[in-house]
Amino acid sequence: IGFSLFAVVKSYFRDCHAFRSTAGSAFIGYDLTGEAAGMAGANASIFLIDCTARVGGTPKIASSVGVRLLGTFADTFIVRFETVTLDDGIVIDGSPATTSASRRRFGHIDLTIDTPILDQCLKRGITIRGISSGGAIDIRSPYVALGSTGTVAMQLVDCAGLIDTIGGQLIGG
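Source: prediction; values computed, not measured.

### So, the overall build of the protein
Alright, step 1. Counting its regular elements, the protein contains 1 helix and 18 strands.
Alright, step 2. Its C-alpha radius of gyration of 15 Å places the protein within 12% of the 16 Å reference for a compact globule of 173 residues.
Alright, step 3. Taking the principal axes of the C-alpha coordinates as reference, the protein spans close to 45 × 30 × 30 Å.
Alright, step 4. Within the protein, buried positions represent 48% of all 173 residues.
Alright, step 5. At a minimum sequence separation of 6, the contacts of the protein that also span at least 24 residues come to 80%.
Alright, step 6. Within the structure as shown, the protein displays about 7800 Å² of accessible surface, and the carbon and sulfur contribution to it stands at 53%.
Alright, step 7. Averaging the coordinates of the 14 positive side-chain charges in the protein and doing the same for the 15 negative ones gives two points 5 Å apart.

### Comments concerning the sheet that holds strand E8 (residues 76-79)
Alright, step 1. With parallel pairing, the 6 strands of this open sheet are ordered in space as E2-E5-E8-E11-E14-E17. Edge positions in the open sheet fall to strand E2 (9-14) and strand E17 (162-166), since each of these has one partner strand only. Across the sheet, the axes of successive neighbouring strands diverge by a mean angle of 5°, strand direction being ignored.
Alright, step 2. Both E8 and strand E11 (residues 111-114) contribute to a ladder of 4 bridges, which runs parallel. Paired with phenylalanine 77 across the bridge in E11 is threonine 112.

### Looking at the sheet that holds strand E3 (residues 17-20)
Alright, step 1. Strand order in this open sheet of 6 strands is E3-E6-E9-E12-E15-E18, and the pairing throughout is parallel. Both outer strands of the open sheet, E3 and strand E18 (169-171), are each paired with one neighbouring strand and no more. The sheet shows a mean angle of 10° between the axes of neighbouring strands, taken without regard to direction.
Alright, step 2. Strand direction decides the pairing type here: strand E6 (residues 52-55) and strand E9 (residues 82-84), joined by 3 bridges, are parallel. In the sheet register, arginine 54 faces E9, and the bridge partner there is valine 84.

### Side note on the packing of aromatic side chains
Alright, step 1. Counted by the stated rule, this structure contains 5 aromatic pairs.
Alright, step 2. Aromatic pair phenylalanine 3 and tyrosine 30: ring centres 4.8 Å apart, planes at 5°, arrangement stacked. Pair noted here: phenylalanine 3 is in strand E1 (residues 3-5) and tyrosine 30 is in strand E4 (residues 24-34), with a separation of 27 residues, a long-range link.
Alright, step 3. Under the relative-accessibility criterion, phenylalanine 3 is labelled partly exposed at 22%.

### Here's the deal with the pairing of strand E15 (residues 143-146)
Alright, step 1. Sheet topology places strand E12 (residues 117-121) next to E15; 3 bridges connect them, and they run parallel. Its bridge partner lying in E15, leucine 118 is registered against valine 144.
Alright, step 2. Relative to E18, E15 runs parallel, the two being bridged by 3 bridges. Along E18, the bridge assignment pairs alanine 145 with isoleucine 171.

### Focus: the pattern of salt bridges
Alright, step 1. By the definition in use, this model includes 5 salt bridges.
Alright, step 2. Here arginine 80 ties to aspartate 50 by a salt bridge, and the two come within 2.6 Å at their closest N and O atoms. With arginine 80 in the loop between E8 and E9 and aspartate 50 in the loop between strand E5 (44-49) and E6, this pair connects stretches of sequence that are 30 residues apart.
Alright, step 3. Residue arginine 80 is classed as partly exposed on the basis of its relative accessible area, which comes to 41%.
Alright, step 4. In this structure aspartate 50 comes out as partly exposed when scored by relative accessible area, which is 30%.

Rules and cut-offs
- Residues numbered from 1 in each chain as written.
- Predicted model: local features only at pLDDT ≥ 70, side-chain atom pairs only at ≥ 80, totals over all residues.
- Heavy atoms only, no water.
- Helix = DSSP H or I, 4+ residues; strand = E, 2+ residues; numbered from the N terminus.
- Rg over C-alpha atoms; globule rule 2.2 N^0.38 Å.
- Buried < 20%, exposed > 50% of the residue type's maximum accessible area, 1.4 Å probe, protein only.
- Contact = heavy atoms within 4.5 Å.
- Areas by Shrake-Rupley, 256 points an atom, 1.4 Å probe, with all protein chains shown as cover.
- Lys, Arg positive; Asp, Glu negative; His and termini not counted.
- Charge placed at Lys NZ, Arg CZ, Asp CG, Glu CD.
- Pairing = 2+ DSSP bridges.
- Axes fitted to C-alpha atoms, helices over the stretch in contact; angles between N-to-C directions.
- Phe/Tyr/Trp six-rings, centres within 6.5 Å; stacked < 30°, edge-to-face > 60°.
- Salt bridge = Lys/Arg side-chain N within 4 Å of Asp/Glu carboxyl O.

Here it is as structure tokens:
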């Protein structure tokens with residue numbers, strides 16, 4: 001894991017780079033996971049601005065993800081995030097099996113992803129799953145280009161909330 005954020009309040013990550021060049025079981029550039037007591041999400045007011053995640057060379061890695069948000073993720077803002085040749089660009093999983101309904105109600109709101117550049121995704125560009133009926137996610141002007149092994153630019157699974165996608169380009173094979 002390049003950056004692991006939990007119970008972080010009002011913090012800005014500007015021009016940060018998560019990089020992996022050695023073999024391993026998995027690589028997660030930015031992991032924003034969990035439920036912090038007293039906060040709607042795992043963190044409160046997190047800003048990832050002009051950050052990147054990538055793998056260098058061709059190390060054997062079982063899976064790679066640019067940004068992963070599991071459980072609750074309220075008050076998260078991802079702006080001009082960029083990846084190249086990762087399995088998954090952004091994975092958002094509301095974890096309904098392990099996150100209570102009351103936590104999901106307020107923890108699946110106020111997520112904004114603005115102008116991500118997810119280039120040559122080897123599997124999926126953006127995956128969103130398990131979002132509660134009160135969920136609110138805004139995605140603005142995404143650029144998602146699949147690599148030759150990519151299967152889906154944007155995947156929504158078991159999402160009951162509001163997910164807005166405004167503009168952008170989703171490019172597949």
